[in-house]
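Working through the structure, step by step
Listed below, chain by chain, are the residues.
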Amino acid sequence: FLPGQRRQHHQRQHGEQVFDDQPADRHVTVAGGKAVLFHQHAHEDHRARDRQRHAEDEAGAIVGHELIARLRALTLAIYGRGVAHAERCGIIIADTKFEFGTDAKGNLVLIDEVLTADSSRFWPMDAYAPGGPQPSFDKQFVRDYLEQIHWNKQPPVPSLPDDVVIRTRDKYLEAFRRLTGRHSL
C-alpha cells in the first residue's frame, strides 16, 4: 500500500504513476526503460480500470500489445505464487516489482531479483494497522534513516551507523526465517 506521502515520494523517486491509495501490488519494467504499473485491487472502480487500460495501451504502443499481455500474465502468476506463500508465512507483500528483458534472440527473460526485501515491501501480517507507516522487513528502515539525517540523495552516500546496519540485517533475516522456515543461511 502506498498511502499519501509515500505514494508521492515513490512517484518522485521512481517516475512511476501510482494511481491511488490502494495496493500498488505489481509493476513491470519493459524495454526502453519505461515502467508500467500493473495495478489491480479487489474494489476497483471504473476510473481505476480505465487508467490501468490506458497505461497498458501506452506500453503496448511502445513494445507491442502481445508482449504486454505476456508480461502481465507472467507478472500476475509470479506475484500470485509469492503472495500466497508469504501469506501462509504471516507476511504481506505490500508492493513489489518484476523486471523483464529480452536476450539476444528476443526471448523474454525475468531479470534481477524477485520478491526480495530489496525489491518488495514485506510487512508482518500480525502487526498491520491501516492508515499509517507499517513495521517492515525491508530496506524501508534504511530509507527512513537517510530521510531522518536529511541526506540530499547525492554522492557520496553516507555511511550507515552500526546499529542501522545490524537492525536492517535483523529485519532481512526475520523475513528469511519466516519465508523459508530456516533459522540460518
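Here's what I pulled together on the structure shown here.

The rules behind the values
- Residues numbered from 1 in each chain as written.
- Predicted model: local features only at pLDDT ≥ 70, side-chain atom pairs only at ≥ 80, totals over all residues.
- Heavy atoms only, no water.
- Helix = DSSP H or I, 4+ residues; strand = E, 2+ residues; numbered from the N terminus.
- Buried < 20%, exposed > 50% of the residue type's maximum accessible area, 1.4 Å probe, protein only.
- Contact = heavy atoms within 4.5 Å.
- Areas by Shrake-Rupley, 256 points an atom, 1.4 Å probe, with all protein chains shown as cover.
- Core = buried A, V, L, I, M, F, W, Y, C linked by side-chain atoms within 4.5 Å.
- Salt bridge = Lys/Arg side-chain N within 4 Å of Asp/Glu carboxyl O.
- Pairing = 2+ DSSP bridges.

1. Some details on the overall build of the chain
On a plain count of helices and strands, the chain comes out with five helices and six strands. For the chain, with 185 residues in total, the buried portion stands at 36%. Considering only residue pairs separated by 6 or more positions, the chain has 44% of its internal contacts joining residues 24 or more positions apart. Summing over all exposed atoms, the chain offers an accessible surface of approximately 11,100 Å²; the carbon and sulfur share of this is 52%.

2. A short note on the nonpolar core
Ranked by internal contacts, the top residues of the largest apolar core, which has 17 residues, are I91, I93 and F122. When contributions to this core are tallied by element, the ones reaching two or more residues are α3 (65–88), β3 (91–96), β4 (98–102) and α5 (162–180). Residue contacts for I91: discarding those within four places in its chain leaves A86, F122, W123, M125, F137, A175, R178 and L179. Counting residues in hydrophobic clusters, the runner-up holds five residues, among them F141, Y145, L146 and V164.

3. So, unusual backbone geometry
Of note, the bond from P155 into P156 is cis; its omega dihedral lies within 30 degrees of zero at 0°. Non-glycine residue H150 carries a positive phi angle of around 60°. Here H150 lies in the loop between α4 (140–148) and α5. On the basis of relative accessibility, which here comes to 69%, the residue H150 falls in the exposed class.

4. Points about the pattern of salt bridges
One pass over the full model with this rule turns up seven salt bridges. D112 is the salt-bridge partner of K97, the closest N and O atoms lying 3.7 Å from each other. In this pair, K97 is assigned in the loop between β3 and β4 and D112 in the loop between β5 (108–111) and β6 (120–124), connecting sequence segments 15 residues apart. For the salt bridge of R177 with E174, the shortest nitrogen-to-oxygen distance reads 2.5 Å. Taken as a pair, R177 and E174 lie in helix α5 at a separation of three residues, close to a single helical turn.

5. Regarding the pairing of β3
Burial of β3 is extensive: six of the six residues sit out of reach of the surface. As judged from the five bridges shared by β3 and β6, these two strands associate in the antiparallel manner. Each bridged residue has a counterpart across the sheet, and for D95 the counterpart in β6 is R121.

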